[in-house]
Amino acid sequence: MALSYEFSIGSVRAKETGLFSDAEVEQMLAMKSEEELVRFLRDKGYGDGSTVAEIIDSGREKMWKYIRSVAPDFSIFDPFFIQNDVHNLKTILKGVMSGRKYEQLLLLPCTVKHKDMIAIVENRRFDKLPGWLGEAADKAYQTLAETKDARISDALVDKAVMERLLVEGKASRSAFLDEYLRTMVFYANVKIAIRGAKADIGQYYFENALCECDGFDKDRVTRLAVQGSGQLMKYLEKQSAYDCKKAMALYQESTSLFEKFVDNQLIRLARKLCRYSSEGPEALFGYYIGCKYERKLITMIAGGIKTATPPDQLRERLRELYG
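Quick summary incoming for the structure in this document.

Cut-off values and rules
- Residues numbered from 1 in each chain as written.
- Predicted model: local features only at pLDDT ≥ 70, side-chain atom pairs only at ≥ 80, totals over all residues.
- Heavy atoms only, no water.
- Helix = DSSP H or I, 4+ residues; strand = E, 2+ residues; numbered from the N terminus.
- Rg over C-alpha atoms; globule rule 2.2 N^0.38 Å.
- Buried < 20%, exposed > 50% of the residue type's maximum accessible area, 1.4 Å probe, protein only.
- Contact = heavy atoms within 4.5 Å.
- Areas by Shrake-Rupley, 256 points an atom, 1.4 Å probe, with all protein chains shown as cover.
- Lys, Arg positive; Asp, Glu negative; His and termini not counted.
- Charge placed at Lys NZ, Arg CZ, Asp CG, Glu CD.
- Axes fitted to C-alpha atoms, helices over the stretch in contact; angles between N-to-C directions.
- Parallel < 35°, antiparallel > 145°, perpendicular 65-115°, else oblique.
- Left-handed = near helix turned anticlockwise from the far one by under 90°.
- Nonpolar A, V, L, I, M, F, W, Y, C, P; charged D, E, K, R; others polar.
- Expected span 1.5 Å × (residues − 1).

Let's shift gears to the overall build of the chain. For the chain, the helix and strand inventory stands at 16 helices and zero strands. Taken over the C-alpha trace, the chain has a radius of gyration of 21 Å; the compact-globule value for 323 residues is 20 Å, and the two agree within 12%. Its C-alpha atoms put the chain at 50 × 45 × 40 Å along the principal axes. Sorting the 323 residues of the chain into buried and exposed places 50% on the buried side. Considering only contacts in the chain between residues 6 or more positions apart, those separated by 24 or more positions represent 63%. With the model as given, the accessible surface of the chain reaches about 16400 Å², and the carbon-plus-sulfur share is 48%. Positive and negative side-chain charges in the chain, numbering 49 and 47 respectively, have mean positions lying 1 Å apart.

Okay, here's the thing in structure tokens:
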């Protein structure tokens, strides 16, 4: 029997009850060792393994297996998978060029199989990639081979995927996915511009790294960025798109507060448009977002345990929960 979104929504709503609660987060914050955190996660049924990293990987696999089992159309998640494709492409490019091992760094799920991506890079057959990525990948390969400039090489394919995400969002007919991807691309542009301006990188970099998107004036940002970070920051602090003014105020305090703000913007968007949606794929998207940031939460808490970071200090860094 074919799956329906009515069925998947009912299933997801029941599944969401297993997401972390505030009380469980507080339990984890009080833990003193990785072993204690591992036991807690295993007892909760989050995943299997003897380390936090193994349990996170296991939990990710469980999540995708579940989503695949209830999604009427699993291809709706392609916008998230193509980001892994680009990560894998960049990783393989650098590994092949440097002669270093890279297999353990490749991500799943993806739309291009690992073995296929490896063959494409090794044989420089970028015409085998989807059209939106092939040309950028070939230029990235050539740039890395001729100049060893990994920053420009990465920028070429990162821009290609940002442009593709905007296309995917618009074509999805999902109000949530469209706004989520536009928000993500907007702030990716902002981060690229600020980092580039602070590093005093030339105009060629910004032209090949930044992409056009709603609320982001690429030409003006490029002109300001090549002058340094001062004028660029003053400009960004006046922009209202995607609550940029507040984001920049937090950036002035610390980059970690800025990153947390951007993540929370995306989580709030999911809560608003997905948490109580009664039709379409939004419930599935929301569950995915909830799980994604749970993994980030576990990683941060595990890191805090390792560095003996006080719970209050660690609590300030944690993102909001989806549930």
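The relative placement of two packed helices is expressed as an angle between their axes plus a distance between the axes. Viewed as axis vectors pointing N to C, helix α5 (residues 78–98) and helix α7 (residues 131–147) meet at an angle of 25 degrees, and their least axial separation amounts to 11 Å. When the interaxial angle is binned, α5 and α7 end up roughly parallel. The interaxial crossing formed by α5 with α7 has right-handed handedness. On α7, the residues touching Ile82, Val86, Leu89, Leu93, Lys94 and Met97 of α5 are Trp132, Leu133, Ala137, Ala140, Tyr141, Leu144 and Ala145. Partitioning the contact of α5 with α7 into residue classes produces 12 nonpolar, no polar and one charged.

The next point concerns α7. The terminal C-alpha atoms of α7, which comprises 17 residues, lie 25 Å apart, in line with the 24 Å expected from a rise of 1.5 Å per residue. Taken residue by residue, α7 has Leu133, Gly134, Ala136, Ala137, Ala140, Tyr141, Thr143 and Leu144 as its buried positions. Positioned one or two residues after α7, Lys148 has a phi angle of 60 degrees, which is positive.

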